[in-house]
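# Residue-level structural notes
In case you want the letters, here they are:
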Amino acid sequence: MAIFLNNILPLFFFFLILFNIQFVNSLSTVSISETSTNQTLICALVPPNNLLKCTSYPRGTIQVHVNPNSSLTRGLVSGNGFLCALMSGSSSSFSNISILACWRFSAGNNGSTNMSYRRIYRGPALKELVAGNSHICGVVDDTSNSLECWQWPGFNSSGGRLGRNFSSIAVGEDFVCGLSSSTRNITCYGGNSAVVGQEPSGNNYSVIDAGLFHACAIAMDGSLECWGNMKGEKPTGGKFTSIALGENRSCGLHDNGRVSCWGENNFTLPENLRETYFVAIEAKRSVFCGVLSANLSLHCWGSQMLESDNFMVFNNVTPGPCRRECPPCSPPLLRYQQFCEEGLVCQPCINQYVPVPSSPPPLPSSPPPQPPINSSGNGLSNKMVAFIVVGSVGSLAMILVSVYFLSRFCKIRGCRIHDSGRLDETIENQPGRPGPTEQAQQEGPVVLPALERRLSHLISIGNGGLEEFPLQVLLDATDNFSEAHKIGTGSFGAVYRGKLNDDSGREVAIKRAEVSTSSTGRSGTKRQEDRDKDNAFVNELDFLSRLNHKHLVRLLGFYEDDKERVLVYEYMQNGSLHDHLHKLESSPLSSSWATRLKVALDAARGIEYLHVYSIPPIIHRDIKSSNILLDATWTAKVSDFGLSLMGPEEEGSHLSLLAAGTVGYMDPEYYRLQKLTHKSDVYSFGVVLLELLSGHKAIHRNEQGVPRNVVDYMVPYIVRDEVHRVLDRRVPPPTPYEIEGVAYVGYLAVDCVALEGRDRPTMSEIIGSLERALAACLAQPTLSRSSSIESLT
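A few points on the structure. Because the structure is predicted, anything quoted here is derived from the model rather than measured.

Parameters at a glance
Residues numbered from 1 in each chain as written. Predicted model: local features only at pLDDT ≥ 70, side-chain atom pairs only at ≥ 80, totals over all residues. Heavy atoms only, no water. Pairing = 2+ DSSP bridges. Helix = DSSP H or I, 4+ residues; strand = E, 2+ residues; numbered from the N terminus. Axes fitted to C-alpha atoms, helices over the stretch in contact; angles between N-to-C directions. Phe/Tyr/Trp six-rings, centres within 6.5 Å; stacked < 30°, edge-to-face > 60°. Buried < 20%, exposed > 50% of the residue type's maximum accessible area, 1.4 Å probe, protein only. Disulfide = S-S within 2.5 Å. Arc of directions from axis to C-beta. Contact = heavy atoms within 4.5 Å. Polar contact = N/O pair within 3.5 Å; in protein donor to acceptor, adjacent residues only side chain to side chain. Parallel < 35°, antiparallel > 145°, perpendicular 65-115°, else oblique. Left-handed = near helix turned anticlockwise from the far one by under 90°. Salt bridge = Lys/Arg side-chain N within 4 Å of Asp/Glu carboxyl O. Nonpolar A, V, L, I, M, F, W, Y, C, P; charged D, E, K, R; others polar.

## Notes on the sheet that holds strand 9 (residues 136-140)
Spatially, 3 strands are ordered 8-9-10 in an open sheet, and the strand pairing comes out antiparallel. Every interior strand has two partners, whereas the edge strands, strand 8 (126-131) and strand 10 (147-150), have only one. Going from strand to strand, the sheet's axes swing by 20° on average, the running direction of each strand aside. By the bridge criterion, 4 bridges tie strand 9 to strand 10 in an arrangement that is antiparallel. Of the residues in strand 10, the one forming a bridge with valine 139 is leucine 147.

Written out as structure tokens, the structure reads:
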């Protein structure tokens, strides 16, 4: 028995340590960014509640105006010109959803630096996140521990998710290295031949890090192994717990809390920090930072700009990420309640823990009393050994069973919801991605709604340059979405006027649809009304992020979470065409017929862009006077793409689907046969033309109070050449020069509202006709009257 225990216990404890090391994540609470313009941004999570705090060198050159929800922030990474924060997707720091939000900064002409905020990932939780100078990579907290990278075109798509089952990763310039969870060996990918393919052999590594052009790893015994284009001579003695690598310089944290540095031009730790003890270190290019164990202050070195404050940047920072529990190789450093609501901060993990000789903040409780030791030679009583073996085997069996059922659940339900492909590709058919059948064979059926997949896809990097506004900024701009700021409604919510509290002071229109937490049915699914709102939100975000035309309302940005869907547009100072035709007592659009025809021509050009020049073509499906807006110069722009769809590529083709739109404007052929074509928008635009001519709503009441359709009312007069009898009385009677142009618009409207789509003109033909009609209003007409569209081309 004693021989068995003496042989099996060391092996058992080795595997126990090895098993626990997998859960030691390399999230950092300190980040450093150096830019090509000699600016440095140092950020950290600070108490209370992990508040994001940043300072720049030279002082004040970079301002981070927007803080994420600090209580949910788990880690920071930075690189050349960007800062990213990893946040939990719910109120729990251990949410199974992660959000990665980034700020990019660039120097302006006046020396100041502008920050732009964007979310680049929302999906399964990330337990690792590391940034090089240019690239960002993370390890997904799933059964495969797979590798995901951002800001690295072609990396993921060229070979899929190259790494599997990583416990730790390191990112350098054009390479990434991973430490296997199971074998503890190192594998590197990328284009740096000095690092990739030169990895040290063996399977006894516990920590890995990378600089720009070299990498280092710490073995289980605390020794250091480096490869690539490293400058300087690494220390040969002592054990290491962590390392921080920059450009041509390196530093390592010893197990006694001291730091050693080496590199180009005899780079060393500043003399006044050599007797200091640290609990964590971080590096980027030439700048290095360390958290002091005595008072948790952050000191940085490597640049002369840092010497002015005796190397101290912040007087108190969070020393490490929050974890549920610490493994045996990594005992607690501090109770995390000092910094957030739950969890522990753990010491760096090495095979043998040696406490630092400084005076860190005391642990909240002393270790439990040790059981009596039996002098049987192995230091443990037989009962204790049996208890450890049985308990450990039982725990391991429970973990294996849990992993098995989790993997079965993910295979059946589809745990992955994030797609980091290009914005202009569809999720189901991206080049190089498996088709639906092939994907089902590889990953199992995905039951996430297509809407959620589209939303996750759209919020990745590259969403048309849209800005992701923090909710607080939008609340401030609209006085908490007060009724006083409300100016209308859209396809999925109310529209508010707001003014951004930034340097530009821009006026914006903010469309908001609150997603009610109580809007689920008994089955736990959303009501149809809320699903429609979600779909309209994603449609607008999708289409307007890719469209740019002077006669389409410009989308500036958005905000989205589990409870809110918000879109931010350019503000159209002169409201909607509907208001000027049907609500306002006086309007510049009533001054002349040429003014009204100019609005019609602007809107037609916007719709033509959707039909002809957008790739793929787009059918708006909700053209009406309230969706034609007017800016400060009275230029008309088409808005509200909540119902829009990608149209068929071929002329004359159609989409078969249930009718949607606004009563009075909807194409009767589409409503009757459920066949949607681009000519459905033409019909709706024809109704708008009749509104412009008559001043009546699409559905209005006649003199007896009976509802009447403007098409039924106007068309008989127009075909009898009596359009003058039904023109809007608020506009001065047309002059002899104007009557010809107005009559031609009447004939054009009749052609647009023809019962069959094949008899209607295209938007390009409509533009040509409106241009001729407008010219006729402004000069002596030369056109002959005709009820056919051919006579106007």
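Continuing now.
## Some thoughts on the packing of aromatic side chains
Across all of its chains, the model carries 7 aromatic pairs by this definition. Taking the centre distance of 5.2 Å and the plane angle of 65° together, the rings of tyrosine 121 and tryptophan 150 count as edge-to-face. Here tyrosine 121, found in strand 7 (residues 113-124), pairs with tryptophan 150, found in strand 10; they are 29 residues apart in sequence, far enough to count as distant. For tyrosine 121, a relative accessible area of 1% gives the class buried. The class for tryptophan 150 is buried, based on a relative accessible area of 4%.

## Description of the state of the cysteines
Across all of its chains, the model carries 7 disulfides by this definition. Between the sulfur atoms of cysteine 251 and its disulfide partner cysteine 261 the distance amounts to 2.0 Å. Across the S-S bond of cysteine 251 and cysteine 261 the torsion is about 105°, and the bridge reads as right-handed. Note that cysteine 251 is positioned in strand 18 (residues 249-254) and cysteine 261 in strand 19 (residues 259-263), a separation of 10 residues in sequence. Like cysteine 251, the residue cysteine 261 is buried in the burial classification. One disulfide bridge connects cysteine 289 with cysteine 300, the sulfur atoms lying 1.9 Å from each other. On the S-S bond that ties cysteine 289 to cysteine 300, the torsion sits near 105°, and the link is right-handed. Note that cysteine 289 is positioned in strand 21 (residues 287-292) and cysteine 300 in strand 22 (residues 298-301), a separation of 11 residues in sequence. Taken individually, cysteine 289 and cysteine 300 each receive the classification buried, so the pair is uniform in this respect.

## Some details on helix 12 (residues 710-719)
The set of residues buried in helix 12 consists of Val710, Val711, Tyr713, Met714 and Ile718. End-on view of helix 12: buried residues confined to an arc of 160°, all on one side of the axis. Seen from the open side of helix 12, the exposed residues pointing more than 90 degrees away from its buried face are Asp712 and Val719. Along its buried surface, helix 12 packs onto helix 11 (678-694), strand 38 (699-701), strand 39 (707-709) and helix 13 (736-752). Near the N-terminus of helix 12, the side chain that reaches the backbone nitrogen of valine 711, with its oxygen 2.7 Å away, is that of asparagine 709. Phi turns positive one or two residues past the end of helix 12, at aspartate 721, with a value near 60°.

## A short note on the packing of helix 13 against helix 14 (residues 763-778)
For the pair helix 13 and helix 14, the least separation of the axes is 7 Å and the interaxial angle reads 160°. Taken together, helix 13 and helix 14 sit at an angle that is classed as roughly antiparallel. Between helix 13 and helix 14 lies a crossing whose hand is left-handed. Here Tyr737, Glu738, Gly741, Val742, Tyr744, Val745, Leu748 and Cys752 of helix 13 come into contact with helix 14, specifically with Ile766, Ser769, Leu770, Ala773, Ala776 and Cys777.

## Section: the pattern of salt bridges
Applying the stated criterion to the full structure yields 16 salt bridges. Across the pair arginine 760 and aspartate 667 runs a salt bridge, and its minimum N-O distance is 2.6 Å. On the criterion of sequence distance, the pair formed by arginine 760 in the loop between helix 13 and helix 14 and aspartate 667 in the loop between strand 36 (655-656) and helix 10 (668-673) is long-range, its members being 93 residues apart. Both residues of the pair, arginine 760 and aspartate 667, belong to the buried class.

## Quick look at the side chain of serine 78
The residue serine 78 is located in strand 4 (residues 73-79) in this model. The class for serine 78 is buried, based on a relative accessible area of 2%. In terms of polar contacts, serine 78 uses its side chain to reach the side chain of serine 31, at 2.8 Å. Residue contacts for serine 78: discarding those within four places in its chain leaves Ser31, Ile32, Ser33, Leu83, Ala131, Gly132 and Lys284.

## Details of the sheet that holds strand 11 (residues 166-172)
Pairing is antiparallel across the open sheet formed by 3 strands, whose spatial order is 11-12-13. Here the strands that pair on one side only, and so sit at the sheet edges, are strand 11 and strand 13 (186-190). Shown here is a sheet whose adjacent strand axes are inclined to one another by a mean of 20°, direction ignored. One ladder, built from 5 bridges, connects strand 12 (residues 175-180) with strand 13; its direction is antiparallel. The partner of cysteine 177 across the bridge, within strand 13, is cysteine 188.

## A closer look at the environment of valine 687
By the secondary structure assignment, valine 687 is in helix 11. Among the residues examined, valine 687 registers a relative accessible area of 0% and is labelled buried. Residues valine 687 and isoleucine 623, 64 residues apart in the sequence, show an inter-C-alpha distance of 9.1 Å. Not counting chain neighbours up to four residues away, the residues in contact with valine 687 comprise Gly664, Tyr665, Ala698, Val710, Val711 and Val753.

## Observations regarding the environment of alanine 283
Looking at the secondary structure, you find alanine 283 in strand 20 (residues 278-284). Classification of alanine 283 as buried rests on a relative accessible area of 9%. Taking the C-alpha atoms as reference points, alanine 283 and glycine 246, separated by 37 residues in sequence, lie 5.6 Å from one another. Ignoring anything within four residues of it in the chain, the contact list for alanine 283 reads Ile32, Ala244, Leu245, Gly246 and Phe288.

## Structural notes on the packing of helix 11 against helix 14
Where helix 11 contacts helix 14, the two axes come as close as 11 Å, and the packing angle between them is 25°. The pairing of helix 11 with helix 14 is recorded here as roughly parallel in orientation. For the pair helix 11 and helix 14, the sense of crossing is right-handed. In this structure, helix 11 contributes Val682, Phe685 and Leu689 to the contact, and helix 14 contributes Met763, Ile766 and Leu770. Among the residues forming the contact of helix 11 with helix 14, the class breakdown is 6 nonpolar, no polar and no charged.

What is shown is where atoms sit, not what they do.
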